[in-house]
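Results of the structural survey
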Amino acid sequence: MSGLPHSPHALVTGGGRGIGRAIAGALVGAGATVTVLGRNTASLEEAINAGAAHHAAVADVSDEAALRAAVVVAQARKPIDILIANAGSAESAPFSKSDSALFARMMDVNFMGVVHAIGAVLPDMKDRPYGRIVAIASTAGLKGYAYVSAYTAAKHAVVGLVRSLALEIAGSNVTVNAVCPGFTDTDLVAGSIDNIMKKTGRTREQAIAELAKHNPQGRLITPQEVANAVLWLCSENASAITGQAIAVAGGEI
């Protein structure tokens, strides 16, 4: 049993690939109607063709007007009960080489993208009998990592937003939580692996081991493991869980 109410409508940002697509597929499997939102039309259509979503919306989450327009179209199809604010990107650099433009990029996508998505869906959602908002943050929202200060700052901001907003709307039927994966086996992490190989001369296996060492279980997290945590938070069984930042990281946090 999924614990979801009857056929809720879920919007998953960054839903065309990686963790977002795994979450979208899990929600479809649990009986939700799912709209995936992202910048790449082809990957969104692939998700639909694979049965991981029902509808697609094209928008960049850092563009508030475009995102709100996409949400209006999705809501006209069916009111949105679940928001998974998953879209994000990561860039690495030493702080000494992290200029204001890098910090702005990381904040625009990883933090303001969450703000824009919540702002678009919350007014209608909090008047409904059930609502779930889950932001996909990162263990970088709970601790520091070297060479990703801008990304880490943005993810810390997401966790702070979740904790504050959960208290602000605790009297409604909407819960607000964050899921914080450790290094996860996605194309985003594949880019980090390629970067390690390029800069250090290590083999792919050595680069993967460099990331996996953060996890006490000695491995990368799978997208499905993240999706399982999200699915539980979206269930009616988790109605008392709000304002939490749940690490899916093999004991790293």
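This text goes with the structure placed above it.
Please read all numbers here as calculations on a predicted model, not as lab measurements. (Residues numbered from 1 in each chain as written. Predicted model: local features only at pLDDT ≥ 70, side-chain atom pairs only at ≥ 80, totals over all residues. Heavy atoms only, no water.)

1. Points about the overall build of the chain
Scanning the chain from terminus to terminus reveals 8 helices and 7 strands. Against the 2.2 N^0.38 benchmark of 18 Å for 253 residues, the chain shows a C-alpha radius of gyration of 17 Å, consistent with a compact globule. Expressed as lengths along the three principal axes of its C-alpha atoms, the size of the chain is roughly 55 × 35 × 35 Å. With 253 residues in all, the chain has 49% of them scored as buried. Of all intrachain contacts in the chain linking residues separated by at least 6 positions in sequence, the fraction that spans at least 24 positions is 69%. Surface exposure of the chain reaches about 11100 Å², of which carbon and sulfur atoms provide 54%. (Helix = DSSP H or I, 4+ residues; strand = E, 2+ residues; numbered from the N terminus. Rg over C-alpha atoms; globule rule 2.2 N^0.38 Å. Buried < 20%, exposed > 50% of the residue type's maximum accessible area, 1.4 Å probe, protein only. Contact = heavy atoms within 4.5 Å. Areas by Shrake-Rupley, 256 points an atom, 1.4 Å probe, with all protein chains shown as cover.)

2. Focus on the sheet that holds strand β6 (residues 174-181)
What holds strands together in a sheet is hydrogen bonding between their backbones, with the strands either parallel or antiparallel. Read from one edge of the open sheet, 7 strands run β3-β2-β1-β4-β5-β6-β7, paired in parallel fashion. Looking at the sheet topology across the chains shown, the edges are occupied by β3 (55-58) and β7 (245-248). Each strand axis lies, on average, 20 degrees off the axis of its neighbour in the sheet, ignoring direction. In terms of strand pairing, strand β5 (residues 131-136) meets β6 through 6 bridges, oriented parallel. Each residue of the ladder has a partner; that of I136, found in β6, is V179. (Pairing = 2+ DSSP bridges. Axes fitted to C-alpha atoms, helices over the stretch in contact; angles between N-to-C directions.)

3. Some words on the nonpolar core
Core analysis: the largest hydrophobic core is formed by 34 residues, its most contacted members being L37, L83, I133 and V176. At the level of secondary structure, the elements contributing two or more residues to this core comprise α3 (64-77), β4 (82-85), α4 (100-125), β5, α5 (149-168) and β6. In terms of residues, this core owes the most to one element, α4, which gives 8 residues. L37 has contacts with L11, V12, T13, G14, G15, L44, A57, A59, V61, L67 and A70, leaving out every residue within four places of it along the chain. Formed by 31 residues, the second largest nonpolar core is a distinct cluster that contains A10, I84, I221 and V230. (Core = buried A, V, L, I, M, F, W, Y, C linked by side-chain atoms within 4.5 Å.)

4. A few points about the packing of aromatic side chains
Under the definition given, this model contains 2 aromatic pairs. Ring centres 6.1 Å apart and planes at 80 degrees place the aromatic pair F95 and F103 in the edge-to-face group. A ring pair is formed by Y145 and F183, whose centres lie 5.7 Å apart and whose planes are at 70 degrees; its orientation type is edge-to-face. Separated by 38 residues along the polypeptide, Y145 in the loop between β5 and α5 and F183 in the loop between β6 and α6 (187-200) bring together distant segments of the chain. (Phe/Tyr/Trp six-rings, centres within 6.5 Å; stacked < 30°, edge-to-face > 60°.)

5. Examining unusual backbone geometry
The backbone phi angle of S7 is positive, close to 45 degrees, even though this residue is not glycine. Positive phi, close to 70 degrees, is recorded for Y147, a residue that is not glycine. What makes Y147 exposed here is its relative accessible area of 58%.

6. Focus on α5
End to end, α5 covers 29 Å across 20 residues, agreeing with the expected 28 Å (1.5 Å per residue, within 8%). Looking only at α5, the buried set comprises A150, Y151, T152, A154, K155, V158, V159, V162, L165 and A166. For α5, the secondary structure elements touched by its buried residues are α4, β5, β6 and β7. (Expected span 1.5 Å × (residues − 1).)

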